[in-house]
Amino acid sequence: MSARESRKSRSTPDLIPLLNRNPNPPLIFLRRRLLPRPSQVGLTWPHHVRRHALAATIFHFFASWIVASPPSSSASSSSMGEASPVPPPPDAGAAFVLESKGGWWHAGFHLTTAIVGPTILTLPYAFRGLGWGVGLAALTVVGAVTFYAYTLMSKVLDHCEKQGRRHIRFRELAADVLGSGWMFYFVVFFQTAINTGVSIGCVLLAGECLKIMYSSLSPDGPLRLYHFIVMVTVVLILLSQLPSFHSLRHINLVSLFLSLGYTTLVAAGCINAGYSRNAPPRNYSLDSSRVQRTFNAFTSISILASLYGNGILPEIQATMAPPATGKMVKGLMLCYSVIIVTFYSAAVSGYWTFGNKVNSNVLNSLLPDSGPSLAPTWLLGLAVVFVLLQLLAIGLVYSQVAYEIIEKNSADIKKSKFSKRNLVPRLILRTLYMAFCGFMAAMLPFFGDIVAVVGAIGFIPLDFVLPMLLYNISIGPSKRSAIHWINIFIMVVFTGVGIMGAFASIRKLVLDAHQFKLFSNDVVG
């Protein structure tokens, strides 16, 4: 044995147990530097090392670490374009929640539900801070950028799948391609902000829909907003027991038609109000203060970003049966066909009728606090019912990432997902998650402002920055190519928009804070 091998044999026995017993970040970093990579050893040791029991122990530890650790361990292979030597076995979150059984049309249903929701009724409100010309231009540009970004994201996922590394989670894709462990937690943080924020918003708006119907039937009734939020939360707790994302496919198909239905009804109601004798005076002017006008513009752009964003495209693509290569683009085409119809009809009709006096929810503008209703009661009632039903579907879609994390850490993949061992934790933990969302919705009724803040701090990094960065690094277009510089331009512009939008949105949130109290009976917008 050489002197070098002798030194290694004397030092390694003391180090490996220390690394196993102390999973601290500095020691994990040291472990990653000391242990060889799969490409260096091919997951087998040289013949003269295999004879020693110590080497076998190290090999067993290293192999299990490769499988169980965050996906940043395979980043080096992704940057070199190499396939992972051993595909990671499915965990409970992947096997139970993100099971891959669907087709591209199912992915289209999921994506449409994630993007085209009742939040589009805030589009006239977003136009209030931009005006006609800039508003239509911003709506079109943000839509084109998101379609482009989602296409790039799909290409990155397809590229990784061809290399033998199919990613079913956004956080693992980012950590793999960027080769940085902190990126894993960066995506986890922003996805959590999006999913929780949208879930809270869905519960809040659904409760408001019930309150609108109740108030029209019993104006002086004793029930308050938080009572209706509790009702919605109970229904979502029951529906949340559907075990997987794929099991929502029929619900999300119905959701697609519901979005077309209430958008048509609201647009018809706005046009009817605009031509009626009680038509409100139209004023499309912007705020006279230049500073206020600037803040309003960035807040509006944040709202647009949140409307087009979803932040869960890899998880949606994961629901498709492998191979998924090339299928997601078809789902995107289906989704954006619905977007073109719904977004423009809601934005144009609502802003044309109410101008800069429009409410953050255009339905409230059609039902003013004083004076007669500006649209037929049956039309508004049906629209509210459609909105309410679709909000339940959206709440389920945006809860899937949280459920996947819960199942990954609580379920036993060796047992059936309907076994008592897995069913009881699922029931308890999903109930607690939805109860938390319901409690926050009742306590903080900030619907319009929540949408803007979530858009700025969540959707912009995940949907307007990371897809371009992942594409430039993983697929690596030439630095002389137009696509490389277009991606950089989009990243720089929307990073700035995100920073300003976050500041403007949080500022508005603070300014609105004096208008409500905890468990208020009204949604501030």
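Here is what the cut-offs are and how they apply
Residue numbers here run from 1 along each chain, matching the order of that chain's written sequence. Totals for whole chains, interfaces and linings use all residues, but because this is a predicted model, local features are given only for residues with pLDDT of at least 70 and pairs of side-chain atoms are given and counted only at 80 or more. Side-chain calculation: all heavy atoms of the structure are included, whereas hydrogens and water are not. Here a helix means four or more residues in a row that DSSP labels H or I, a strand means two or more in a row labelled E, and each is numbered from the N terminus. Each residue's exposure class comes from its accessible area (1.4 Å probe, protein chains only) as a fraction of the maximum for that residue type: buried when under 20%, exposed when over 50%, partly exposed otherwise. The criterion used for residue contact is that any of the two residues' heavy atoms lie within 4.5 Å. In these tables, accessible area is a Shrake-Rupley quantity obtained with a 1.4 Å probe, and a residue counts as shielded only by the protein chains included in the view. Here the expected length of a helix is defined as 1.5 Å per residue gap, with one fewer gap than residues. Two axes define the bend at a residue: one fitted to the seven residues ending there, one fitted to the seven starting there, and the bend is the angle between them. Note on definitions: angles span 0 to 180 degrees between N-to-C directions of axes, and those axes are lines fitted to C-alpha atoms, for helices only across the stretch in contact. Orientation categories follow fixed angle ranges, with anything under 35 degrees roughly parallel, anything over 145 roughly antiparallel, 65 to 115 roughly perpendicular, and all other angles oblique. The sense of a crossing depends on the near helix, which, turned anticlockwise from the far helix by less than a right angle, makes the crossing left-handed and, turned clockwise, makes it right-handed. Nonpolar cores are built from buried Ala, Val, Leu, Ile, Met, Phe, Trp, Tyr and Cys residues. Side-chain atoms within 4.5 Å join them into one set. In the sections that follow, a salt bridge refers to a side-chain nitrogen of Lys or Arg positioned within 4 Å of a carboxyl oxygen of Asp or Glu. A residue's pLDDT is the confidence the predictor assigns to it, expressed on a 0 to 100 scale. Stacked, edge-to-face and tilted are the three classes for Phe, Tyr and Trp ring pairs, Trp counted by its six-membered ring, which pair at centre distances within 6.5 Å; planes under 30 degrees apart are stacked, over 60 edge-to-face, the rest tilted. Should the NZ of a Lys or the CZ of an Arg lie within 6 Å of a ring centre and within 35 degrees of the ring normal, that charge is described as sitting over the ring.

Quick word on the overall build of the chain
Here's step 1: If you tally the helices and strands in the chain, you get 23 helices and zero strands.
Here's step 2: When each of the 525 residues of the chain is scored for burial, the buried share is 53%.
Here's step 3: A separation threshold of at least 6 residues defines the contact pool for the chain, and within that pool the share at least 24 residues apart is 83%.
Here's step 4: Here the chain has roughly 23000 Å² of accessible surface; of this, 67% comes from carbon and sulfur atoms.

Quick look at helix α17 (residues 328-354)
Here's step 1: Helix length check: α17 (27 residues) gives 38 Å between terminal C-alpha atoms against 39 Å at 1.5 Å per residue, within 8%.
Here's step 2: Of all bends in α17, the biggest is about 25 degrees, found at Ile-339.
Here's step 3: Positive backbone phi, approximately 60 degrees, marks Gly-355, located one or two places after α17.

A short note on the environment of Gly-371
Here's step 1: With respect to the helices, strands and loops of the structure, Gly-371 is situated in the loop between α18 (362-366) and α19 (377-398).
Here's step 2: Taking C-alpha positions, Gly-371 is 8.9 Å from Asn-278, a pair spaced 93 residues apart along the chain.

Quick look at the packing of helix α12 (residues 181-217) against α19
Here's step 1: One can describe the packing of α12 onto α19 by two numbers: an axis separation of 9 Å at closest approach and a directional angle of 160 degrees. When the axis of α12 is compared with that of α19, the two are roughly antiparallel. Once α12 is placed against α19, the crossing between them reads as left-handed. Residues Ile-194, Asn-195, Val-198, Ser-199, Cys-202, Leu-205, Ala-206, Cys-209, Leu-210, Ile-212 and Met-213 of α12 form the contact with α19, whose participating residues are Val-384, Val-385, Val-387, Leu-388, Leu-391, Ile-394, Gly-395 and Tyr-398.

With respect to the side chain of Thr-233
Here's step 1: Along the chain, the position of Thr-233 falls in helix α13 (residues 225-239).
Here's step 2: Excluding residues within four positions of it along the chain, Thr-233 makes contact with Val-203, Met-434, Ala-435 and Gly-438.

Notes on the nonpolar core
Here's step 1: The biggest cluster of nonpolar side chains holds 123 residues, and the ones touching the most others in it are Phe-343, Leu-363, Leu-366 and Tyr-398.
Here's step 2: Per-element accounting of this core gives the leading share, 15 residues, to α12.
Here's step 3: Contact partners of Phe-343, with chain neighbours within four places excluded, come to Ile-115, Val-116, Ile-120, Leu-123, Leu-139, Leu-307 and Tyr-308.

What about the side chain of Asn-252?
Here's step 1: The topology assignment puts Asn-252 in helix α14 (residues 249-275).
Here's step 2: Since its relative accessible area comes to 0%, Asn-252 is described here as buried.
Here's step 3: Apart from residues no more than four positions distant in its own chain, Asn-252 is found in contact with Phe-109, His-110, Thr-113, Phe-245, Ala-393 and Val-397.

A short note on the pattern of salt bridges
Here's step 1: Tallying each qualifying case throughout the model produces 10 salt bridges.
Here's step 2: Put simply, Arg-169 and Glu-172 hold a salt bridge, and the shortest N to O gap is 3.1 Å. Comparing Arg-169 with Glu-172 shows no difference in burial state: the two are buried.
Here's step 3: Ionic pairing is found between Glu-172 and Lys-408, a salt bridge with its closest N-O pair at 3.8 Å. Here the residue Glu-172 occupies a position in helix α11 (residues 170-178), and Lys-408 occupies one in helix α20 (residues 400-410), the gap between them amounting to 236 residues.
Here's step 4: On the basis of relative accessible area, Lys-408 is assigned to the partly exposed category, the value being 32%.
Here's step 5: Among the ionic contacts, a cluster of salt bridges with common partners joins Asp-91, Arg-169, Arg-171, Glu-172, Glu-404 and Lys-408.

Observations concerning the environment of His-159
Here's step 1: Within the secondary structure, His-159 is located in helix α10 (residues 131-162).
Here's step 2: Setting aside residues up to four positions removed in sequence, His-159 forms contacts with Ser-474 and Ile-475.

Notes on the confidence of the model for the chain
Predicted coordinates in areas of low pLDDT are best not read in detail.
Here's step 1: Per-chain confidence: the chain averages 80 in pLDDT, with 79% of residues scoring 70 or above.
Here's step 2: Note that pLDDT drops below 50 for residues 1-86; the model gives that stretch 75 contacts with residues more than four away or on any other chain.

Side note on the packing of aromatic side chains
Here's step 1: Within the structure shown, the criterion is met by 17 aromatic pairs.
Here's step 2: Between Phe-295 and Phe-503 the ring centres are 5.7 Å apart and the planes differ by 35 degrees, which places this aromatic pair in the tilted class. Of the two residues, Phe-295 sits in helix α15 (residues 290-308) while Phe-503 sits in helix α23 (residues 482-512), which places them 208 residues apart along the sequence.
Here's step 3: One aromatic cluster in this structure is built from Phe-127, Trp-132, Tyr-284 and Tyr-351.
Here's step 4: The positively charged end of Arg-282 is found above the aromatic ring belonging to Trp-352, 4.2 Å away from the centroid.

Some details on unusual backbone geometry
Here's step 1: Cis geometry is found at the peptide bond from Pro-322 to Pro-323, where omega equals 0 degrees.
Here's step 2: With respect to the element layout, Pro-323 can be found in the loop between α16 (313-317) and α17.

Some remarks on α11
Here's step 1: Summarising burial for α11: eight of the nine residues are buried, a large majority.
Here's step 2: Buried within α11 are the following residues: Phe-170, Arg-171, Glu-172, Leu-173, Ala-174, Ala-175, Asp-176 and Val-177.

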